[in-house]
Amino acid sequence: GFCGYAAGFAIKRAAQAVVFTTGCLFVAMQVMANHGYVTVHWEKIERDWKGQLDQDGDGALTARDMNSTYQQLSNMLEHGLPGAAGFGSGLLMGLRS
């Protein structure tokens with residue numbers, strides 16, 4: 001129930017902060033690359049990150065990878081809770097709020 005909702009809400013806010021920070025870093029790297037200060041190897045970055053995020057090993061980032069990641073997170077957060085079903089539904093509600 002409530003703990004799941006709170007956890008989902010916190011995860012959503014943290015994810016928004018990560019996305020904002022990543023966007024700012026991307027803009028900063030592009031500006032520095034445009035002015036010749038750095039060379040960014042985007043192919044290597046993509047290859048390294050795709051390898052980390054591709055949960056099913058098919059070489060592509062798909063909804064199955066996202067679902068697998070959600071299931072792993074949900075299982076970790078529900079570990080040892082007596083009302084895991086309530087926590088899971090609350091977590092989903094918190095992520096969607």
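Remember, it's a predicted structure, so these values are computed and weren't measured experimentally.

S.K.: An account of the overall build of the protein is needed here, citing residue identities and associated values.
M.R.: Helices and strands together make up the secondary structure of the protein, namely four helices and zero strands. Its helices and strands in sequence order give the protein the pattern α-α-α-α, from N to C terminus. Against the globule reference of 13 Å for 97 residues, the protein gives a C-alpha radius of gyration of 18 Å, more extended than a compact globule. A total of 97 residues make up the protein; the buried ones form 13% of that total. Partitioning the contacts of the protein with sequence separation of at least 6, the portion at a separation of at least 24 is 48%. Accessible area of the protein: about 7300 Å², with a carbon and sulfur share of 66%. Distance between charge centres in the protein, computed from 7 positive and 8 negative side chains, equals 7 Å.

S.K.: Mind laying out helix H3 (residues 63–78), listing which residues take part and the relevant values?
M.R.: Along its 16 residues, H3 runs 22 Å from first to last C-alpha, staying within 8% of the 22 Å computed at 1.5 Å per residue. Among the residues of H3, Asp65, Ser74 and Glu78 are the ones counted as buried. Where H3 ends, the next residue or the one after it, Gly80, has phi of about 80 degrees, a positive value.

S.K.: Tell me about the packing of aromatic side chains, and please be specific about residues and values.
M.R.: Here the structure, examined in full by the defined rule, presents two aromatic pairs. Taking the centre distance of 6.3 Å and the plane angle of 25 degrees together, the rings of Tyr5 and Phe9 count as stacked. Highlighted residues: Tyr5 and Phe9, both in helix H1 (residues 2–34), separated by four residues, approximately one helical turn. Among the residues examined, Tyr5 registers a relative accessible area of 31% and is labelled partly exposed. The class of Phe9 is partly exposed, set by a relative accessible area of 32%.

S.K.: Residues and numbers for a nonpolar patch on the surface, please.
M.R.: Among the surface-exposed residues, Phe26, Val27, Val31, Trp42, Ile45, Trp49, Leu53 and Leu61 lie close enough to one another that they form a single nonpolar patch of about 750 Å² accessible area. Elements with a minimum of two residues in the nonpolar patch: H1 and helix H2 (42–53). Relative to the helices and strands, Trp42 is located in helix H2.

S.K.: Any details on the pattern of salt bridges? Residues and values, ideally.
M.R.: In this structure the tally under the stated criterion is two salt bridges. Across the pair Lys44 and Asp48 runs a salt bridge whose closest N-O atoms are separated by 3.0 Å. Here Lys44 and its partner Asp48 are both found in helix H2, four residues apart, which amounts to about one turn of the helix. The class of Asp48 is partly exposed, set by a relative accessible area of 37%.

Criteria and thresholds
- Residues numbered from 1 in each chain as written.
- Predicted model: local features only at pLDDT ≥ 70, side-chain atom pairs only at ≥ 80, totals over all residues.
- Heavy atoms only, no water.
- Helix = DSSP H or I, 4+ residues; strand = E, 2+ residues; numbered from the N terminus.
- Rg over C-alpha atoms; globule rule 2.2 N^0.38 Å.
- Buried < 20%, exposed > 50% of the residue type's maximum accessible area, 1.4 Å probe, protein only.
- Contact = heavy atoms within 4.5 Å.
- Areas by Shrake-Rupley, 256 points an atom, 1.4 Å probe, with all protein chains shown as cover.
- Lys, Arg positive; Asp, Glu negative; His and termini not counted.
- Charge placed at Lys NZ, Arg CZ, Asp CG, Glu CD.
- Expected span 1.5 Å × (residues − 1).
- Phe/Tyr/Trp six-rings, centres within 6.5 Å; stacked < 30°, edge-to-face > 60°.
- Patch = residues over 30% accessible without salt bridge, like charges linked within 9 Å, V, L, I, M, F, W, Y side chains within 5 Å.
- Salt bridge = Lys/Arg side-chain N within 4 Å of Asp/Glu carboxyl O.

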